[in-house]
Protein chains: 2
Amino acid sequence: MMSCEQARGADTPSPCPHARSREGCVDCKVRLLSICAALDAGELCELESLSHPACFEPRTTLFLQDEPAEIVYNVTDGVVRLYRLLPDGRRQIVGFALPGDFLGLSMADRFGFSADAVTRVTTCRFPREVFSAFVDTKPHLLRRLHEFASHELSLAQDQMVLLGRRTAEEKVASFLMSLRDRWARVTGASVTVPLPMGRQDIADFLGLTIETVSRTLTRLARERALLIVPDGVRLLDLPRLERLAVA
Amino acid sequence: MMSCEQARGADTPSPCPHARSREGCVDCKVRLLSICAALDAGELCELESLSHPACFEPRTTLFLQDEPAEIVYNVTDGVVRLYRLLPDGRRQIVGFALPGDFLGLSMADRFGFSADAVTRVTTCRFPREVFSAFVDTKPHLLRRLHEFASHELSLAQDQMVLLGRRTAEEKVASFLMSLRDRWARVTGASVTVPLPMGRQDIADFLGLTIETVSRTLTRLARERALLIVPDGVRLLDLPRLERLAVA
DNA sequence: CGCGAAACTTGACCTGTATCAATGTCGCAC
DNA sequence: GTGCGACATTGATACAGGTCAAGTTTCGCG
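If you check an unreviewed UniProt entry, chain A appears there as Helix-turn-helix domain-containing protein from Chelatococcus albus.

Right, here's the structure in full:
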């Protein structure tokens, strides 16, 4: 694990630590094949041959907002936070990328947000031009990409409702339920939801302070709606949480 | 103006009141040609021949969230509010559509939000299948559509920052500045920003109450940052408003 | 012109969440 | 083990914005 990119700016990120087979990055392949909504298996196999694996230590930066978007990332392991900053330092996290997610698919010439690793993160990267050329050879893929972007927009609108019109308790419950659903596609369904991101990250995602997130979790735990466990929570009263999280 | 669709459910919306020339809806053509970021002039001319004009009175519904998305709309005049509701009636407006904007471009099979007319609204409508077939004949158009969706996503993320991390005063200033920029593309640049939507609509867009919007506008007016005029505001202290609205 | 309804503004007060300040807990280096 | 730093929790207090309740303005309409 010593060869991973230690911080932003390293020119030659190491291959994935688990990329040992002659055919490429084994784990990358798993992730590529298993999850992404925008691409199908055959396309991903083809795409994989174009990939450059790279690994990032916790708290290191994948890319910054407004920087030229030269690379498309596929997260194969770990969690990435995506955020925008206000000039005075206030931060809004606009999403978390989980294994299987792509970053930089918008094909805009600059990144719309900054991204950094929450945990150790492994990725497959594609030079933007290569990815773009690949897409151009497959018109139906472009359509899928558009549907995918539209779906992301819909999720963004969910988040607007959450940020604009929901209470702290509803925000936290929504966050936990939707994160549970997302983990289900990575690690399988479970009432134990891993929370590799810190309380500050959750707060910045939900438009709250760290103290309010902490108090709300404590209260839900005291009322037996959930149990706080190391690095996550175990959901106990699913009907109640569901009710708080209603679309 | 008597022939416009009076309310949701009318089967045969009237043609645009100004659609009098033999070639089709003149004003529709103007709007189609002048603004939309996703399509170019030639494509729009072609598309126009497929359009069905329709007109909506204030407060009538264009479509509801989760309803099958059978139609693509191009707003040619007026303002439409796009919103989601929580089960208890709380409302989050996710955007306002101005002349030139398209609704239903996501090509998802259901609408992701509800839409109703704020002012009298005229539209050109395209059966979804026709629009979809049209797009399929032009691969490069699909790419443009994807870029367009990505841009919308970026705007949605701006709104997340606004909702999650900005004060009431910053929210109001941001709203006015960005609306000014959008009107500039419709009616030309001006320091007078029309506000055809009511205070409640602005509040539901900014995640505030009607009283807070009113107080904030009053305060900005008292401090000579702007002047409240019938159906809008005149921006006086642009540097100050700009500072409050910083990206 | 005058009425009535809807939209908007204003004021007084309240509350949810932020802020400020300890205190507690965990993991890790030595 | 012990100490240290990062992160999380808890408590006391403050305040931005919400809520409730009058007014006031606007405007359509007879």
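Residues and elements named next belong to chain A. In terms of residue burial, strand β5 (residues 91–97) counts as a mostly covered element, since seven of its seven residues are buried. With six bridges connecting them, strand β4 (residues 80–85) and β5 associate as antiparallel partners. Bridge pairing in β5 places L85 opposite R91.

What follows covers the protein's contact with DNA strand C. Around DNA strand C lies a shell of 15 residues, among which T212 and R215 of chain A together with R59, S214 and T218 of chain B are the nearest. Close to the protein, within 4 Å, the atoms of DNA strand C are drawn from sugar and phosphate at a rate of 64%. Taking S214 of chain B, its side chain carries an N or O atom lying 2.7 Å from a phosphate oxygen of DNA strand C. One of the side-chain N or O atoms of T218 of chain B is found 2.8 Å from a phosphate oxygen in DNA strand C.

This part takes up the pattern of salt bridges. Throughout the structure, instances matching the rule amount to 30 salt bridges over all chains. Across the pair R165 of chain A and D204 of chain B runs a salt bridge whose closest N-O atoms are separated by 2.7 Å. Here R165 of chain A, found in helix α4 (residues 139–165), pairs with D204 of chain B, found in helix α6 (residues 199–206), and the two come from separate chains. The class for D204 of chain B is buried, based on a relative accessible area of 6%. In this structure, a network of salt bridges that share partners links the residues R81, R91, D116, D201 and D204 of chain A together with R165 of chain B.

Here the focus is the pairing of strand β10 (residues 226–229) of chain A. As paired strands, β10 of chain A and strand β11 (residues 232–235) of chain A are joined by four bridges and run antiparallel to one another. Bridge pairing in β11 of chain A places L227 of chain A opposite R234 of chain A.

This part covers the sheet that holds strand β2 (residues 61–63) of chain A. Residues and elements named next belong to chain A. Spatially, the four strands line up as an open sheet ordered β2-β7-β4-β5, and their pairing is antiparallel. Strand pairing shows two members of the sheet lacking a second neighbour, β2 and β5, which therefore form its edges. Within this sheet the neighbouring strands show an average axis-to-axis angle of 30°, counted without direction. By the bridge criterion, four bridges tie β4 to strand β7 (residues 114–117) in an arrangement that is antiparallel. When the sheet's bridge partners are listed, V80 is paired in β7 with A117. Across the face of the sheet, helix α6 (residues 199–206) comes into contact with β4 and β5 while running at roughly 105° to β5.

Here we take up the protein's contact with DNA strand D. Close to DNA strand D lie 15 residues, the nearest being R59, S214 and T218 of chain A together with T212 and R215 of chain B. Of all DNA strand D atoms lying within 4 Å of any protein atom, the proportion belonging to sugar or phosphate reaches 64%. Between DNA strand D and the protein, one listed contact pairs a base nitrogen with a side-chain N or O atom of R215 of chain A at 2.8 Å. At the level of elements, α7 (210–222) of chain A together with α7 (210–222) of chain B are the ones that each hand at least two residues to the surface near DNA strand D. Sorting elements by how many residues they give to the surface near DNA strand D places α7 of chain A first, with four residues. Split by residue class, the surface near DNA strand D holds two nonpolar, seven polar and six charged.

Turning our eyes to something else, we now look at the relation of the copies chain B and chain A. Copies of the same chain, two in number, are related to each other by a rotation about an axis and a translation along it. Between the two copies, chain B and chain A, the superposition gives an RMSD of 0.0 Å; the rotation angle is 180° and the shift along the axis is 0.0 Å. Look at the turn and shift together and you get a two-fold axis relating the two.

Glancing now at the environment of L145 of chain A. All names here are of chain A. Position of L145 among the secondary structure elements: in helix α4. On the basis of relative accessibility, which here comes to 2%, the residue L145 falls in the buried class. In this structure, the C-alpha to C-alpha distance between L145 and V135, residues ten residues apart in sequence, is 9.1 Å.

What follows covers the packing of helix α5 (residues 168–187) of chain B against helix α8 (residues 238–245) of chain B. All names here are of chain B. Contact geometry for α5 and α8: axes closest at 8 Å, N-to-C directions at 110°. In this view, α5 runs roughly perpendicular relative to α8, as classed from their interaxial angle. In this structure, α5 crosses over α8, and the sense of that crossing is left-handed. Within the contact between the two elements, α5 uses E169, E170, A173, S174, M177 and R180 and α8 uses L238, R240, L241, E242, L244 and A245. Residues belonging to the contact of α5 with α8 are distributed by class as follows: six nonpolar, one polar and five charged.

We now examine the environment of L155 of chain A. Residues and elements named next belong to chain A. Positionally, L155 belongs in helix α4. Judged by its relative accessible area of 42%, L155 is partly exposed. Spatially, the C-alpha atoms of L155 and G95 are 9.7 Å apart, while their sequence positions differ by 60 residues.

Before going further, it helps to examine the interface of chain B and chain A. Each partner contributes to the interface: chain B provides 42 residues, whereas chain A provides 43 residues. Contact between chain B and chain A buries roughly 3,800 Å² in total, counting both sides, with carbon and sulfur atoms accounting for 60%. It is H146, M160 and R165 of chain B that lose the most area in chain B upon contact with chain A, and together they represent 21% of the buried surface on that side. The interface formed by chain B and chain A includes eight salt bridges. Joining chain B to chain A, the criterion identifies 26 residue pairs in polar contact (both at pLDDT 80 or more). Among the secondary structure elements, those contributing two or more residues to the side of chain B that touches chain A are β5 (91–97), α3 (128–136), α4 (139–165) and α6 of chain B. Ranked by residues supplied to the side of chain B that touches chain A, first place goes to α4 of chain B with 19 residues. Here the side of chain B that touches chain A is composed, by residue class, of 19 nonpolar, twelve polar and eleven charged.

Cut-off values and rules
Residues numbered from 1 in each chain as written. Chains lettered and ligands numbered in written order. Predicted model: local features only at pLDDT ≥ 70, side-chain atom pairs only at ≥ 80, totals over all residues. Heavy atoms only, no water. Buried < 20%, exposed > 50% of the residue type's maximum accessible area, 1.4 Å probe, protein only. Helix = DSSP H or I, 4+ residues; strand = E, 2+ residues; numbered from the N terminus. Pairing = 2+ DSSP bridges. Near = heavy atom within 4 Å. Polar contact = N/O pair within 3.5 Å; in protein donor to acceptor, adjacent residues only side chain to side chain. Salt bridge = Lys/Arg side-chain N within 4 Å of Asp/Glu carboxyl O. Axes fitted to C-alpha atoms, helices over the stretch in contact; angles between N-to-C directions. Contact = heavy atoms within 4.5 Å. Nonpolar A, V, L, I, M, F, W, Y, C, P; charged D, E, K, R; others polar. Least-squares fit on C-alpha atoms with pLDDT ≥ 70 in both. Parallel < 35°, antiparallel > 145°, perpendicular 65-115°, else oblique. Left-handed = near helix turned anticlockwise from the far one by under 90°. Buried area = accessible area lost by both parts, 1.4 Å probe.

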